[in-house]
Amino acid sequence: MGGRPEPLPLPEVLHAGYVQVYALALWNNQLAIATSFGLCRYDLNARQLELVYNTPSIRYLIAAETRLWGFGSEIVAFDRDYRVVERQAAQVSVAPVWEESRFWWASAGRGVITLHSYTPTTRRIRQSRFRMDEATQVVSSRLQATALARHRLGWYVGLSVRESPQIRRGAVVQGRFADYRGELIWSDSPVNALASWGRLIVGTDTGLQALDVP
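Predicted model, so just to flag it, every value in this text is computed and none were measured.

Ranked by size, the top nonpolar core spans 26 residues in total, and within it Trp 69, Phe 71, Ile 75, Trp 105, Leu 148, Val 157 and Leu 159 carry the most contacts. Where this core is concerned, the elements lending two or more residues are β6 (68–72), β7 (74–78), β10 (102–109), β11 (112–119), β12 (124–132), β13 (144–151) and β14 (154–162). Of all hydrophobic cores here, the second largest spans 13 residues; its members include Ala 23, Trp 27, Tyr 53 and Phe 78.

Here you go:
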């Protein structure tokens, strides 16, 4: 049995009973918190929380050596004083991955998976599209990308589709650059998370799966 949870005090302006916490990151000896009210920083020693970016656009956080990066309805970078030093219009709906000096994320819809990347040094967004075979039976206008992982030499995208209010299915698809096709790797429960750990680990509504993929 773990210890008793200790609520962290929030300033009145945040209406603590209604605030939603989307992402956390340790940054500059503080806890960065992406919330439904904006980005906050929490001093772990003084136990003081401050709203430093009052735009509720950030759903994911990545702490790098010199920048704190936020992703959601935009890409925004903060320096150690939480000043905005870079901003780029983008829609990032899955947790991004830092790989090859770029941030990567995925989107999906109407039988196409799109792999996006953003390079901070050039401030360019690139896109690669992979068309899925209809035989995978996960093609739908309601198809959503839910996770992304780099495993060995390939990129893998987790998917979820709602077939009815009661029925949801999911799949893992590999984006093949050789022919720009999306190859079905696994299909079952909705995919919520992916990780590379010897094998490709898939987090679903019903548990974990370990896949042997190239």
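From this point, things continue past the structure.
Pairing of strand β18 (residues 199–204) with strand β19 (residues 207–211) involves five bridges; the strand directions are antiparallel. Paired with Leu 200 across the two strands is Leu 211, which belongs to β19.

This part takes up the layout of surface pockets. What the largest pocket holds in volume is close to 170 Å³. As for the largest pocket, its lining consists of Ile 62, Ala 64, Glu 65, Thr 66, Arg 67, Trp 69, Trp 98, Phe 103 and Pro 120. A per-class count over the lining of the largest pocket returns six nonpolar, one polar and two charged.

A sheet is described by the order of its strands in space; here four strands give the open sequence β5-β6-β7-β8, paired in antiparallel fashion. On the outer flanks of this sheet lie β5 (58–63) and β8 (84–89), each paired with one strand and no other. Across the sheet, the axes of successive neighbouring strands diverge by a mean angle of 15°, strand direction being ignored. Both β7 and β8 contribute to a ladder of five bridges, which runs antiparallel.

Calculation notes
- Residues numbered from 1 in each chain as written.
- Predicted model: local features only at pLDDT ≥ 70, side-chain atom pairs only at ≥ 80, totals over all residues.
- Heavy atoms only, no water.
- Core = buried A, V, L, I, M, F, W, Y, C linked by side-chain atoms within 4.5 Å.
- Buried < 20%, exposed > 50% of the residue type's maximum accessible area, 1.4 Å probe, protein only.
- Helix = DSSP H or I, 4+ residues; strand = E, 2+ residues; numbered from the N terminus.
- Pairing = 2+ DSSP bridges.
- 1 Å grid on protein atoms, 1.4 Å probe; cavity = no way out; pocket = protein on both sides within 12 Å on 5 of 7 lines; lining within 4 Å.
- Points joined across faces, edges and corners; volume = space filled by probe spheres on them.
- Nonpolar A, V, L, I, M, F, W, Y, C, P; charged D, E, K, R; others polar.
- Axes fitted to C-alpha atoms, helices over the stretch in contact; angles between N-to-C directions.

So far we have only geometry, and geometry alone does not tell us how the molecule works.
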